[in-house]
Structures are given as C-alpha cells and as structure tokens.
Amino acid sequence: MTAPATTGPAPDALIRLSGVTKTFGSTTALKDASLQVSRGEIVVLLGLSGSGKSTLLRHLDGLEIPTSGDVEVLGAAVPSLRGKALRALRSRVGFIFQQFELVPSLTVLENVLTGSLSRVRGPRLGLWGYAKTAKIQALEHLDRVGLLDRAYQRSDTLSGGQQQRVAIARALMQKPDILLADEPVASLDPESSDQVMALIREIAADEGLTVVCSLHQVDLAINWADRIVGLRHGEIVLDTPTTDLTKSEVMEIYGRVATTTAELRAVQVELTDAAIDAASAATDAPAKAPVA
Ligand SMILES: Nc1ncnc2c1ncn2[C@@H]1O[C@H](COP(=O)(O)OP(=O)(O)OP(=O)(O)O)[C@@H](O)[C@H]1O
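All residue numbers refer to position in the chain's written sequence, counted from 1. Local features are withheld for residues below a pLDDT of 70 in this predicted model, meaning they are given only at 70 or higher, and side-chain atom pairs are given and counted only at 80 or more; totals for whole chains, interfaces and linings count all residues. Hydrogens and water are ignored here; the side-chain numbers use all heavy atoms of the structure.

1. Brief notes about the nonpolar core
Next, step 1: Throughout this description, the term nonpolar core refers to a set of buried Ala, Val, Leu, Ile, Met, Phe, Trp, Tyr and Cys residues connected via side-chain atoms within 4.5 Å. The buried label goes to any residue with under 20% of its type's maximum accessible area, the exposed label to any with over 50%, and the partly exposed label to all in between, with areas taken from a 1.4 Å probe on protein chains only. Judged by nonpolar contacts, the single largest core of 51 residues is most densely connected at Leu46, Leu142, Ile168 and Leu215.
Next, step 2: Numbering goes from the N terminus for both helices and strands, where a helix is a DSSP run of H or I of at least four residues and a strand is a run of E of at least two. Per element, the largest residue contribution to this core is seven residues, and it comes from helix H5 (residues 160-173).
Next, step 3: With sequence-adjacent residues up to four places away left out, leucine 215 is seen in contact with Val44, Leu45, Leu46, Gly47, Lys53, Pro184, Val185, Met197, Leu220, Ala221 and Tyr254.
Next, step 4: In terms of nonpolar packing, the next biggest core, distinct from the first, is built from 28 residues, Leu81, Leu89, Phe95 and Ile178 among them. Residue contacts are counted whenever heavy atoms from the two residues lie within 4.5 Å of one another.

Set out below in structure tokens:
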C-alpha cells in the first residue's frame, strides 16, 4: 500500500492537516491524520461508512475543531478562527452536500443568490434585495452549469442531478478558492453522478479551484480525481496519485464490499427487492385471530 504522505512540506499547499485526532465521546473519528492539498488538486476521500471522511471535510471550514493536531486552510489556523475571521475563511470555501441543501420553496435563481450572502450585509427578501451585478453573476453561473432556462422555476421541481448543479452554482457565487464536496453524488443515479463529477472537474480546471470530495464509488474516483486518499477507522491508510491506484489498495480500504457504481447499484436493487419481498410477505400472512 502507498505510504500516506504525512511529511514534507508542499510549498503551494492550500490545505494542511497535521496529526489531527478527533474524538466524539469514546469514538475516534480521525486518528493522527496528516494531509496536504496543493492548489488546483482534485482529491477524493474514499472509505467505508464511518471511516471519517465527513469529519475530515468538516475540519476544513471549522465545522469541527480537532481534539488534537493542526488544521491550516488558506494560510489560516482554522481551529483558532472566530467570528469575522471564520466567516472570511468560509466565504472562500464552498461546500456542497449529498442532500443539496437548497431551499425548496425558492426559485433556482434565489437559491444561487444565497451563495453571495457571505459577502453582503443584512437579510435579503426575494430577488429585490440583491444587486443587479449579483443577479447577472448568478445567471452566468446557472448558464455555466447548464440550467439557465430553469432560473425562475422552484428548486424542488428539479431532478436530483439538476439540484446538485444548482448547489454548485450557489457555491460558485462565493468565488471560492476551495470546493469541499461531501458525497455529492450519493443520492444520484449513475448517469447524473458522472455528469456532476464531470462538471466539478471542468469548473475546477476553469476556475483554478482546489477540490476535496468524499465518494463511495471507486470508479468515479478513478475517473475524476487526481489523487486518492483512503481512510479506514479514522486513519489515512492510503495517499496516492489516481493513476497509481491498485486493486489491492482498494481492497485494503474496503475489504470485500461493493465499491463501483454498478456494484453499489446492484446492492441497492437487492435491498429494495428484499424490502418489497418482506412487505408482501407481511401482507400475505394470514391475519392474526382476534384476541378473545
Ligand atoms: N457529531 C458526532 N457525534 C458523535 N459521533 C460522530 C459525530 N460525527 C461523526 N461521528 C462518528 O465519527 C465516525 C466517523 O464519521 P464520519 O461521518 O466522518 O464518517 P464517514 O466516512 O463520512 O461516513 P459516511 O460515508 O457514512 O458519511 C463515525 O463513527 C460517526 O458515528
């Protein structure tokens, strides 16, 4: 297995984790994790459920504070940031999530505009509260993600893949240096997953974004990442350029479980079938005799 790159300073690193341990009660979510990410890199975090991927991501914009160790992002010691300084960091770090986190009753355009809120003061009411330049920018970002024609539609009328593209456009409103993505395609079908990952990669290249993204699908990681970081029980057990990733390394992260989109899909179908069988067995079962 490729030794994790725990030492050696990368002069252009935008992200540095050094010996980060995070415990929640008796659970160790991250254990002595060290990682550096250079400007423009696309890094995918792989690992089983509970291996610490989200916890690692959440440390990068101060949503978690390490129990021990250092987290430096864009030159700032993240755990020590408070108030205005923390907001300033977060305005440079976009974050997208599995469940998109859009406001369903707002239009697509309004959702995108909320991405600019870290840069403007006070609450906004509908489209009127935003500057014309912000609206133009938001429309440009919607065009960028292929959804300009949906700008005035309610966001909950869009498909999952489209909603994630809206979330990407919203993140772009922040003009971020770094994009964090926590399982951004976990709720999407394979085709939409591929489209969203392709879009992230394309935008990252165009905008010079640094991306750290957690995924469950090894095939997507291989297609879209520059570098793969593997986590197991909170430890970084693999750190390798994607081109060097071997099957045995993947097996070491995951053991014998589904790892490709097709395999995960097959497991989902199996589970759904099993649930349907269980439900119909319950319906077919003779009704219990009433208690006398
Ligand atoms: N706020 C919290 N309180 C208590 N335990 C937590 C908290 N956040 C995470 N954990 C625990 O830390 C461990 C790592 O969780 P984390 O969400 O980082 O894993 P993950 O690899 O992102 O999992 P998944 O792929 O399912 O999202 C898990 O055991 C989880 O239950």
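2. Considerations on the site of the ligand
Next, step 1: Here a residue counts as near a molecule or strand whenever at least one of its heavy atoms sits within 4 Å of it. Near the ligand there are 13 residues, and of these Ser49, Gly50, Lys53, Ser54 and Thr55 occur at the shortest range.
Next, step 2: Side-chain atoms alone can form a polar contact between residues adjacent in sequence; in general such a contact is a pair of N or O atoms within 3.5 Å, and within protein one must be able to donate a hydrogen while the other accepts it. The separation between an oxygen atom of the ligand and a polar side-chain atom of lysine 53 is 2.8 Å.
Next, step 3: The side chain of glutamate 183 places a nitrogen or oxygen atom 2.8 Å from an oxygen atom of the ligand.
Next, step 4: To measure how exposed things are, a 1.4 Å probe is used in the Shrake-Rupley method; for residues, cover is taken only from the protein chains shown. Within the complex, 61% of the 630 Å² of free accessible area of the ligand lies under protein.
Next, step 5: Here the shell around the ligand takes three residues from helix H1 (residues 53-59), the largest share from any one element.
Next, step 6: Lys, Arg, Asp and Glu make up the charged group, whereas Ala, Val, Leu, Ile, Met, Phe, Trp, Tyr, Cys and Pro make up the nonpolar group; the residues left over, Gly among them, are polar. Considered class by class, the residues forming the shell around the ligand number three nonpolar, eight polar and two charged.

3. Structural notes on the packing of H5 against helix H6 (residues 190-207)
Next, step 1: Angular values range over 0 to 180 degrees, each being the angle between N-to-C directions of two axes fitted as lines to C-alpha atoms, with helices fitted over their stretch in contact. Remark: H5 packs on H6, axes separated minimally by 9 Å, with the N-to-C direction vectors making an angle of 15 degrees. One finds that H5 runs roughly parallel with respect to H6. As for how H5 packs across H6, the hand of that crossing is right-handed. Residues Gly161, Gln164, Arg165, Ile168 and Leu172 of H5 form the contact with H6, whose own contacting residues are Ser192, Gln195, Val196, Leu199, Ile200 and Ile203.
Next, step 2: Residue composition of the contact of H5 with H6, grouped by class: six nonpolar, four polar and one charged. Between 65 and 115 degrees an angle is taken as roughly perpendicular, under 35 as roughly parallel, over 145 as roughly antiparallel, and anywhere else as oblique. Note on convention: the crossing is left-handed when the near helix lies turned anticlockwise from the far helix by less than a right angle, right-handed when the turn is clockwise.

4. Topic: the packing of aromatic side chains
Next, step 1: Working definition: a ring pair exists when centres of Phe, Tyr or Trp rings (six-membered ring for Trp) sit within 6.5 Å. Plane angles under 30 degrees give stacked, over 60 give edge-to-face, the rest tilted. Within the structure shown, the criterion is met by one aromatic pair.
Next, step 2: Relative to phenylalanine 97, the ring of phenylalanine 95 has its centre 4.5 Å away and its plane inclined at 15 degrees; by these criteria the two rings are stacked.
Next, step 3: For phenylalanine 95, a relative accessible area of 10% corresponds to the buried category.
Next, step 4: Note on phenylalanine 97: relative accessible area 26%, which makes it partly exposed.

5. Describing H6
Next, step 1: When the terminal C-alpha atoms of H6 are compared, their 26 Å separation across 18 residues agrees well with the 26 Å that a helix rising 1.5 Å per residue should span.
Next, step 2: Buried within H6 are the following residues: Ser192, Ser193, Val196, Met197, Leu199, Ile200, Ile203 and Ala204. Angular distribution of buried residues about the axis of H6 spans 155 degrees; they occupy a single face of the element. Opposite the buried face of H6, at more than 90 degrees from it, the exposed residues are Glu191, Ala205 and Asp206.
Next, step 3: The N-capping residue of H6, defined by a side-chain oxygen 3.1 Å from the backbone nitrogen of glutamate 191, is aspartate 189.
Next, step 4: The first or second residue beyond H6 is glycine 208, which carries a positive phi of 65 degrees. Expected helix span is given by 1.5 Å per residue-to-residue step, counting one fewer step than there are residues. Here, the arc refers to the directions that run from the helix axis to the C-beta atoms.

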